Structures are given as structure tokens and as C-alpha cells.
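Secondary and tertiary structure notes
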2 protein chains.
Amino acid sequence: MMDATHDQNLKCWVASANGHDQFPIQNLPIGIFQPGVLAEGLLTGDAKVAASAASGDALNPLLALGGRFRLALRRRISELLSDADAEAHLRKVVHTARDCVLHLPADIGDYTDFYAGIHHATAVGTLFRPDAPLLPNYKHLPVAYHGRASSIRASGVTVRRPRGQLKMPEAPGPVFEPTRRLDFELELGMWVGPGSELGVPVPIGQAREHIAGYCLLNDWSARDVQTWEYQPLGPFLAKNFMTTISPWIVTAEALEPFRIQQPPRPSGDPRPLPHLWDESDQARGAVDLDLEVRLRTETMRRSGREPERITAANSQSLYWTAAQMLAHHTSGGCDLRAGDLFGSGTISNAGGGSGSLLELSKGGTDPIVLSNGERRTFLLDGDEIIIKARAHRPGFASIGFGECRGIVAAS
Amino acid sequence: MMDATHDQNLKCWVASANGHDQFPIQNLPIGIFQPGVLAEGLLTGDAKVAASAASGDALNPLLALGGRFRLALRRRISELLSDADAEAHLRKVVHTARDCVLHLPADIGDYTDFYAGIHHATAVGTLFRPDAPLLPNYKHLPVAYHGRASSIRASGVTVRRPRGQLKMPEAPGPVFEPTRRLDFELELGMWVGPGSELGVPVPIGQAREHIAGYCLLNDWSARDVQTWEYQPLGPFLAKNFMTTISPWIVTAEALEPFRIQQPPRPSGDPRPLPHLWDESDQARGAVDLDLEVRLRTETMRRSGREPERITAANSQSLYWTAAQMLAHHTSGGCDLRAGDLFGSGTISNAGGGSGSLLELSKGGTDPIVLSNGERRTFLLDGDEIIIKARAHRPGFASIGFGECRGIVAAS
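**Thoughts on the overall build of chain A**
What chain A contains, in helices and strands, is 11 helices and 24 strands. A globule of 411 residues ought to have a C-alpha radius of gyration of about 22 Å, and chain A, at 21 Å, matches this closely. For chain A, the spread of C-alpha atoms along the principal axes amounts to about 70 × 55 × 35 Å. Put simply, chain A has 411 residues, and 58% of those count as buried. Considering only residue pairs separated by 6 or more positions, chain A has 76% of its internal contacts joining residues 24 or more positions apart. Accessible surface, chain A: about 15,600 Å² in total, of which carbon and sulfur atoms supply 53%.

**Some thoughts on unusual backbone geometry**
All names here are of chain A. Between Gln231 and Pro232 the backbone carries a cis peptide bond, its omega angle lying at 0°. On the secondary structure map, Pro232 appears in the loop between helix 6 (223-229) and helix 7 (237-240). The backbone of Leu28 shows a phi angle near 55°, a positive value even though the residue is not glycine. Relative to the elements of secondary structure, Leu28 occurs in the segment before strand 1 (32-34). Leu28 gets classed as buried once you look at its relative accessible area, which sits at 15%. Phi is positive for Lys362, which is not a glycine, with a value near 50°. Topologically, Lys362 is positioned in the loop between helix 11 (357-360) and strand 20 (368-369).

**Observations concerning the relation of the copies chain A and chain B**
Screw-axis analysis of chain A against chain B gives a translation of 0.0 Å along the axis, an RMSD of 0.0 Å, and a rotation angle of 180°. Read as a symmetry element, the transformation amounts to a two-fold axis. In terms of C-alpha distance to the rotation axis, chain A has A:Gly234 as its closest residue, with the C-alpha 2.2 Å off the axis. A high fraction, 100%, of the interface residues of chain A reappear at the interface in chain B, so the copies pair face to face through one surface.

**Section: the pattern of salt bridges**
If charged atoms from side chains of opposite charge come close, those side chains can pair. This structure, assessed with the given rule, holds 64 salt bridges over all chains. Where B:Glu87 meets B:Arg91, a salt bridge forms, and the shortest distance between an N and an O atom there is 3.0 Å. You can call B:Glu87 partly exposed: its relative accessible area is 24%. Assessed through its relative accessible area of 39%, B:Arg91 is described here as partly exposed. A salt bridge links B:Arg309 to B:Glu292; its shortest N-O distance comes to 3.2 Å. Here B:Glu292 lies in strand 17 (residues 290-296) and B:Arg309 lies in strand 18 (residues 308-314), a separation of 17 residues in the sequence. According to the relative accessible area criterion, B:Glu292 is buried, its value standing at 13%. Here the salt bridges do not stand alone but share partners, grouping A:Arg296, A:Glu298, A:Arg301, A:Arg302, A:Glu384, A:Lys388, A:Glu403 and A:Arg405 into one network.

**Describing the domain arrangement of chain A**
Residues and elements named next belong to chain A. By the assigned domains, chain A splits into domain 1 (4-103) and domain 2 (111-409). Averaged C-alpha coordinates put domain 1 and domain 2 at centres separated by 28 Å. In this assembly, 25 residues from domain 1 lie in contact with 28 residues from domain 2. Summed over both partners, the interface of domain 1 with domain 2 comes to about 2,200 Å²; 60% of that surface belongs to carbon and sulfur atoms. For domain 1, the biggest contributors to the area lost against domain 2 are Gln22, Leu63 and Arg70; these three give 26% of the whole. Taken together, the links from domain 1 to domain 2 amount to two salt bridges.

**Details of the nonpolar core**
If you look at the biggest cluster of nonpolar residues, it comprises 148 residues, and the most contacted ones within it are A:Tyr214, A:Leu255, A:Phe401, B:Tyr214, B:Leu255, B:Ile385 and B:Phe401. Once residues within four sequence positions are removed from consideration, B:Leu255 is found in contact with B:Tyr214, B:Val250, B:Val287, B:Leu289, B:Ala391, B:Ile399 and B:Phe401.

**Describing the environment of B:Leu43**
Residue and element names in this part refer to chain B. Examined against the element boundaries, Leu43 turns out to sit in the loop between strand 1 (32-34) and helix 1 (45-53). For Leu43, a relative accessible area of 4% corresponds to the buried category. Taking C-alpha positions, Leu43 is 8.7 Å from Ile77, a pair spaced 34 residues apart along the chain.

**What to know about the pairing of strand 11 (residues 211-218) of chain A**
All names here are of chain A. Within strand 11, eight of the eight residues are buried, which leaves it mostly tucked inside the rest of the structure. Direction of pairing for strand 10 (residues 186-192) relative to strand 11: antiparallel, over a ladder of seven bridges. Paired with Gly189 across the strands is Cys215, a residue of strand 11. Here strand 11 runs beside strand 14 (residues 250-251); their pairing, made up of two bridges, is antiparallel. Bridge assignment links Gly213 to a residue of strand 14, and that residue is Thr251. Pairing geometry for strand 11 and strand 13 (residues 243-245), over two bridges, is antiparallel. When the bridges of strand 13 are listed, Asn218 appears paired with Thr244.

**A closer look at the packing of helix 1 (residues 45-53) of chain A against helix 3 (residues 67-81) of chain A**
Residues and elements named next belong to chain A. Axis separation between helix 1 and helix 3 bottoms out at 8 Å; the angle between their running directions is 100°. Taken together, the axis directions place helix 1 and helix 3 in an arrangement best described as roughly perpendicular. For the pair formed by helix 1 and helix 3, the contact residues are Asp46, Ala47, Val49, Ala50 and Ala51 on the first element and Arg68, Phe69, Ala72, Leu73 and Arg76 on the second. Here the contact of helix 1 with helix 3 is composed, by residue class, of seven nonpolar, no polar and three charged.

**Quick look at the packing of aromatic side chains**
All names here are of chain A. Summed over the entire model, instances satisfying the criterion amount to 12 aromatic pairs over all chains. An aromatic cluster is built from Tyr115, Tyr138, Tyr319 and Trp320, whose rings are joined through pairwise contacts. The positively charged end of Arg265 is found above the aromatic ring belonging to Trp320, 4.6 Å away from the centroid.

**Points about the interface of chain A and chain B**
Taken together, the 55 residues of chain A in the interface contact 55 residues of chain B. Here chain A packs against chain B, burying approximately 5,200 Å² in sum over the two surfaces, 62% of which is carbon and sulfur. Along the contact surface separating chain A from chain B lie six salt bridges. Of the charged contacts in the structure, one is a salt bridge between A:Asp335 and B:Arg153, with a shortest N-O distance of 2.9 Å. For the pair chain A and chain B, the interface holds 28 residue pairs in polar contact (both at pLDDT 80 or more). Of all the secondary-structure elements, those providing two or more residues to the side of chain A that touches chain B are strand 4 (144-146), strand 7 (163-166), strand 8 (175-178), helix 6, helix 7 and helix 10 (322-330) of chain A. Looking at which element gives the most residues to the side of chain A that touches chain B, the answer is strand 4 of chain A, with three residues. When the residues that make up the side of chain A that touches chain B are grouped by side-chain class, the tally is 26 nonpolar, 20 polar and nine charged.

**What to know about the environment of A:Leu357**
Residue and element names in this part refer to chain A. Position of Leu357 among the secondary structure elements: in helix 11. When its relative accessible area of 1% is taken as the criterion, Leu357 is described as buried. Not counting residues within four places of it along the chain, the set of residues in contact with Leu357 comprises Asp183, Phe184, Lys362, Ile368, Thr377, Phe378 and Leu379.

**With respect to helix 1 of chain A**
Note: α-helices contain 3.6 residues per turn, so residues at a spacing of three or four share the same orientation. Residues and elements named next belong to chain A. Along helix 1, the residues classified as buried are Ala47, Ala50, Ala51 and Ala53. The buried residues of helix 1 occupy an angular sector of 160° when projected down its axis, which confines them to one face. Contacts made by the buried residues of helix 1 are with helix 2 (60-65) and helix 3.

**Observations concerning the side chain of A:Ser354**
Summarising the element assignment, A:Ser354 is placed in the loop between strand 19 (341-343) and helix 11. When neighbours within four sequence positions are excluded, A:Ser354 is seen to be in contact with A:Thr311, A:Ile347, A:Ser348, A:Glu359 and A:Leu360.

**Points about the environment of A:Val225**
All names here are of chain A. With respect to the helices and strands, the residue Val225 is situated in helix 6. For the pair Val225 and Phe236, spaced 11 residues apart in sequence, the C-alpha separation works out to 8.9 Å. When sequence neighbours within four positions are dropped, the list of residues in contact with Val225 reads Gly164, Gln165, Leu166, Thr179, Leu237 and Ala238.

Rules used throughout
- Residues numbered from 1 in each chain as written.
- Chains lettered and ligands numbered in written order.
- Predicted model: local features only at pLDDT ≥ 70, side-chain atom pairs only at ≥ 80, totals over all residues.
- Heavy atoms only, no water.
- Helix = DSSP H or I, 4+ residues; strand = E, 2+ residues; numbered from the N terminus.
- Rg over C-alpha atoms; globule rule 2.2 N^0.38 Å.
- Buried < 20%, exposed > 50% of the residue type's maximum accessible area, 1.4 Å probe, protein only.
- Contact = heavy atoms within 4.5 Å.
- Areas by Shrake-Rupley, 256 points an atom, 1.4 Å probe, with all protein chains shown as cover.
- Least-squares fit on C-alpha atoms with pLDDT ≥ 70 in both.
- Salt bridge = Lys/Arg side-chain N within 4 Å of Asp/Glu carboxyl O.
- Domains from an automatic or database assignment.
- Buried area = accessible area lost by both parts, 1.4 Å probe.
- Core = buried A, V, L, I, M, F, W, Y, C linked by side-chain atoms within 4.5 Å.
- Pairing = 2+ DSSP bridges.
- Axes fitted to C-alpha atoms, helices over the stretch in contact; angles between N-to-C directions.
- Parallel < 35°, antiparallel > 145°, perpendicular 65-115°, else oblique.
- Nonpolar A, V, L, I, M, F, W, Y, C, P; charged D, E, K, R; others polar.
- Phe/Tyr/Trp six-rings, centres within 6.5 Å; stacked < 30°, edge-to-face > 60°.
- Lys NZ or Arg CZ within 6 Å of the ring centre and 35° of its normal.
- Polar contact = N/O pair within 3.5 Å; in protein donor to acceptor, adjacent residues only side chain to side chain.
- Arc of directions from axis to C-beta.

Have a look at this one:
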């Protein structure tokens, strides 16, 4: 539902917000930071309830309240920030971004990583199974696995190169060494709002009401560890050493103008079973986001070079909508809790725009070349990865996500 | 370390505790129940700190404190319960078991399920790959995957038969129906005590200090859902609809007399890499527990029959020790938090004593026959599964775990 909060002509009395490339007044993401407390004095009704729920050190209570409360808070804050008369009352709770330390916005009960980026799944599958890159289940259900919640960190935390068991093809057994194939994965994160009861699936038509907002997610991966460990139960140490997310929750309401039709399935693709298929979800279930990954190496940092864009992709490459992922997740009765996090799976565009070095370097065989002449198949110590994203549409203010940033340290 | 708390001659002024087959005074498990509060008045020092940490609605703060505090609390409670003079002070905080509702003992941050039951892994592998039942990594690392924390429930909660995508071999696509191959898995649960820091592996020699205690665990599984969904990222909906655990944490201290040598690896098996190998862990890293599974069908219940034992196994069938599992889990830098839960993987004995119906019925081809003539390949609605376990050793009081019980309801 679009409303005055999306009006591109809305001006804010925080001058730096006007024309801001990430967080204009039309965005209003929610997060946890120090110092920071919402001003409750000017709020009433649902907006006051929401602000109160957001006043602790994690946003789970706000997420649990659901869309009506987020919307009320959003509308009121939008009003106040565009009302010059309110400035005097609010100035004291407005902080400069550089004075704030952003934390994880919620206590993440469970983290689930999907695999919905079909071009990534196809590209990676091709490396292993050229004749049948996608497994038979891929187009019938949103493939997913449980990830590790404890090791999720907000943007900016250093990622230590993990050691792990590596098994060289010719060796009789594994060695325990620092990974040689450290990679990033470009993903979109989804925050679960109101949870669901054990044993009670969420119908596809109601699934979107359980998605509170979005973030950026880097699913750091140790490819050589993964190759050796992942059979038969899936990735474990190859992924759980750390996951980085952008710390602001960009609300579902802020992204409302950027919802578009899910790209129609190619002819010949199966139509999903009814519990995963809803026409109105298909009509507006995709989000049009341009995502990009930048790399800054130690050498670039020393020579004062800015991070260099190494890949970009659009979220329309996701084969499944957020509602389909959530409906699938609960279809067997698994319960969700407010503050659970989903990863979309790596987002790669068709024919390029690959969301991982595994793809960009063709399985480590063909290094990418940076403009300063450096080459990379996988990440070296000192490399920094920065993910950003932007939603834009003519007639609407462009919305950003902030950054999902991490630098690789030696193990 | 064994001490007076293990003395088999210790008598308790709670008469029903003397000779109790599960919870004699030598056990003293910890849990969360209503009504119930520890009496802090008679405690001092570490025991008082521990009791205070155990006074909330989850035991995570107590688990975080570590073994010294559990031990102090254990010793003091053992003293008080065997001291007739203390009875008058403590009678009011002693409750009859049937008056208590047991809850999950801790907020489970992350749940990891291992696959350390080698006879189970071999039996299941044989069903799929007769020539190579164990994958090459199995004897080099404790295979594991992340499970779902939200859907773990304490003993007694009904498990609803999940619906899921089932793909019949001859069918062109899947159907969405109640699972036809609902199974139990007999596992030992391990509670993480003090956590660990991100990026800092726990050395194998210190790993046991991070295991606070044990419970029983039923990893309910939908085999047909698993077959269709699990490639390439592992089990998801096949497992996450519910996991049942026994609600008491039987402390590592209570099990101290039952620690034994890890069975030597058969000749020809590889010696694990140094970060997973510690001689003192091998010498005392196994726990000698007899586990059993009983089944009571709806028909048995109606005719007043008691649950019938359908399988039994001993925890010495685990190929990896708890310390090896924990050291492996952190070896890449993944952090642990107090209250994390590990599952051991399904425990089956060699040559029988299979910890799942998948094994007992040879993949669903050979039903087990109950004494009343009923047959089962997989679980039917109304079937109840009860897991129990016992540690015994001459000269020591036998220790039990209580029950891990669940009844199957129609979907």
C-alpha cells in the first residue's frame, strides 16, 4: 500500500536527508544503535506501541507486532521529519550517522539460507554436473538449509579466514589448513515479522504479512571446506564461521513502490503446487533491487584507491518470491519467530553478474582482473567486500540499504 | 572428578529418591518447571551464584557459568538432601514430580545435529549405496548440519504428522501430502555450557569443559520428504517440523562415573587430524549409556497395553566423542553460546539395535511385528514413541534421564 510516506517531493528538516542516496525520508529503516532512543512523546496509538516495542536493545518486539504497527510508526515519523515545527522537539534524538555504532537489529532465533538465485544455482551446478546443473527438485520447491545464527554479525566486523579440512584430489586424506578458496556470496536478507505456530502452515496468500523487511547479506563461504564436508548433509563449517548483514532493516513498507511482477517462469517450467502458488503474489511478489559488490584489496587501500565494482545483479533473478519461501518453510509445520532471518541464496544475473567469485572465476580457473592489474580467483587476506543495493523507479525517491562490509583477516 | 555426590550409599530424606530408577540423589538433574524455585537461603559462594543463575525461566545463565559452579551447586544440594536436619528448611521447595510441568530447560540459540552413530550411517548408507555406505569424509570429521531451534519441544508435546512434497519414483512431479514415512531417530542430546568466541577454536583438550550435560533427543524425520528435498543442501522440512527432548539436563558431573574409554577405532581407520585427537579424551571421552525406544500404538493404548520396547542401543556406538564434536564445530571459528544444543546423530548398535524405523524395517520393506500382531514400517497416527536411557556401573547408583516422549497426531 503506497501513501504519502512515499511522496518523492516530501522534504525533511534534516537537510542531509533530502536527496540522500540511501536513506531519504522515504526510506526510514529501523535499526539498533548507540546512542539512540526513539522519542515517544510525540507518538500516540499504534505508533506509540511500535516505538515502545522498539525501545529495547533488539527489535524483536517491534517485528512481532506486524505491519499495522510498523506502518503507523512510519507514517508518524515521516510526518514529524517533514514538519518543520517538529524539529525543535526532535533535534535531540536525531544523531549523525558517524556518531552511531550499528548493532544487529534483532536477536536472530533461527537463520535459514535459501538457494533461490537460479542463475547462481545453474552456474554452480554446471561446474559439477554439466549435463544436469539443476537438480529435479529445484523448480518445485525453494531449496533451503538451516544456517548458523550465532555467527551472524553486523557490517564492519572483520571476517577471520577459517581453517578447515581440505582434501586435495590426489591426497590420501585431508589436511587442516586455512581455506584457499574463501568467497563471498551476494544475498538479500529477509526479516521475519510476526511468527507462526508450530504445526500451523502459513498460507501463501498470507505469507507476505510475515516479512517485516530486508537487508543485505554476505554468506561468506570456504569452497574447499565445503567440497570435502558437505556430503551427505549439506554445508556446515564452510559457512558457519561468519555471515555479515547490513544493520538497518529496510521495511517492507519502504519497498512498496518497488514491488513488481515476479518474472514469468519460462515455458516448460513446472507450475508449483497450490500451497506455493498465489496469483497476487506472482503479480507483486518480486522486488526490483539493483545489488552490487565492490572489492578493495590491501594494495588498493594502501594506494588510496576506492573499492572497485566487481559484479552486480538484480533481485529479479530470484526464482522464488519471499512469500513462496516463507510458505514453504512453514508448510510442514515448522514455526517461525519474530526476528528469524532468511537469506535469499546467491543472486547472479543470467549471463554474467555473478554473485560469487566461484562463478566469476569459473571455479577458480579464470581469475578476474582488477583495474590496477591485481588478479583474484578467491579472496586474499586484506581484501574487503562491500555489498550495496538500490531500489529506484521514476517518480519515487531512490531507496538504499547502507552497507554490508567485511574485511578478511589472516587466520 | 568423582566425589561424595556419587556415593551409592548416600541416602536422601526425600524417601522416594532412594532407589529411584531415574533420579536418585546421585543424579540431581537441572531443569525448568512450574511451580519451582531453588532455595537460595542455605547456599553460599559458588553454589549461591549458581542457584541465582538458575532462578530465571531458562537455565542459560547457569550453563554459561561453567563446571565449577554446577559442581558447587551439586555438592551443596547433595549435602542438603542427604542431611535430615535440612529437611525442615527445604520441604517447602520440594515438589512431587506429578505436580510439575517441565519446560525446555534453556533458550536454545542454535541446534546442531551430528551424524556420529556409525552403525546408523552405515545402515542408511547401505540402503542408498550398497558398495560405499560411508562417504570418504565420515572417519575424518564428525559430519553435522544445522538444525532448527524454534521447533524443539520438551517431552510430551504432540507431533503433528507433517505434510510435504513427496515424489513417487514413477510420477512426473511431486504431490503435497502427509508424509507416509514418518520416523523417529534415537539420539543423545548435549547441552553447551560456556560458549566460545567467534574466530577462536576450542582446543580438543578443553572441549569437554564446554559440555554442561546431556538429554535424550528424538529427531523426528519424514523420510519421503527428505528423499525429494535434500539434494544438494541437506535435510530441511524433513526434520524441522519438530524435535523432542527430555527436559532435564543430566549434568556432566552426574555422568562422571560412567565415562569410559572411547572404543578403539578398527585397524585401518584413519587417525583423525591433531585438532580432533586427544589421548585423554579417547581414554575417558565416551559415556556408557543404554538407550531404548518403546512404541505404544493407539490399539495398545485402547487395550491397556504398556509401551513395547522395539529397539535398544548403547552410546558407545558413537564414532566421535562429544569433545571431538565440539572441537570440530568451533575449528573454523564458529562461536558457541551457552544453551546451544547438539544432537549426536542416530544411535544404532552394530548388527541390530537400530535407532530408527528406516533401519528396523529395512527401508520400509520389512515391517517390524509387535507382540499384539500389529506391524509397522513407519509410524501411524496415534503411535507414541518413548525414549529412555540408563547409566549403570557396579558400585554406583544407576542414573536415568526421564523420558523423551511424543505421540503422533494426524496432519
